[in-house]
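One-letter residues, chain by chain:
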Amino acid sequence: MQIIVNADPRDIRATTLAAALDELGFTSPAIATALNGQFISRAKRVDTRLTAGDRLEVLAPMQGG
C-alpha cells in the first residue's frame, strides 16, 4: 500500500505502524511518530493499523550544533 512518510510517497507491505517503521529502516528507539497529525506513543505502535493514504511523520533527534 502507499502511504506518505515525511511528505514522501512510499510503498510498503506493513500493516501496522511498528512494522512500517521497521520496514522503512527507522530502528532507533529515540524517534517520535505522528499518524495523520496525531502523536502515536511507542507503546501503541504495535497496535496502530495503517491504511492506504495515511500520512506518517517520523522525527528523530539531531546531534551537532
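Definitions and cut-offs
Residues numbered from 1 in each chain as written. Predicted model: local features only at pLDDT ≥ 70, side-chain atom pairs only at ≥ 80, totals over all residues. Heavy atoms only, no water. Core = buried A, V, L, I, M, F, W, Y, C linked by side-chain atoms within 4.5 Å. Buried < 20%, exposed > 50% of the residue type's maximum accessible area, 1.4 Å probe, protein only. Helix = DSSP H or I, 4+ residues; strand = E, 2+ residues; numbered from the N terminus. Contact = heavy atoms within 4.5 Å. Pairing = 2+ DSSP bridges. Axes fitted to C-alpha atoms, helices over the stretch in contact; angles between N-to-C directions.

**Q** Help me get a handle on the nonpolar core, residues and values and all.
**A** In terms of nonpolar packing, the biggest core is built from 14 residues, with Ile3, Ile12, Leu21, Leu50 and Leu56 touching the most fellow members. Of all elements in the fold, only β1 (2–5), α1 (17–23) and β5 (55–59) reach the threshold of two or more residues within this core. If we ignore the near neighbours within four places in the chain, the residues touching Leu50 are Met1, Ile3, Ile12, Ala14, Thr15, Thr16, Leu17, Ala20 and Leu35.

**Q** Describe the sheet that holds β5, naming the residues involved and giving the relevant values.
**A** Taken in spatial order, the five strands make up an open sheet running β2-β1-β5-β3-β4, and their pairing is mixed. Either end of the sheet is taken by a strand with one partner, and the two such strands are β2 (8–11) and β4 (38–40). Taken pair by pair, the neighbouring strands of this sheet meet at an average axis angle of 35 degrees, ignoring direction. Alignment of β1 against β2, held across four bridges, turns out to be antiparallel. From the neighbouring strand, Gln2 faces β2, where its bridge partner is Asp11.

**Q** Give me the lowdown on unusual backbone geometry, citing residues and values where you can.
**A** Of note, Asn6 is a non-glycine position whose phi angle comes to about 50 degrees, a positive value. Counting through the fold element by element, Asn6 comes out in the loop between β1 and β2. Located in the positive-phi region is Ala7, a residue other than glycine, with phi close to 70 degrees. For Ala7, the location among the structural elements is in the loop between β1 and β2. Given a relative accessible area of 59%, Ala7 falls into the exposed group.

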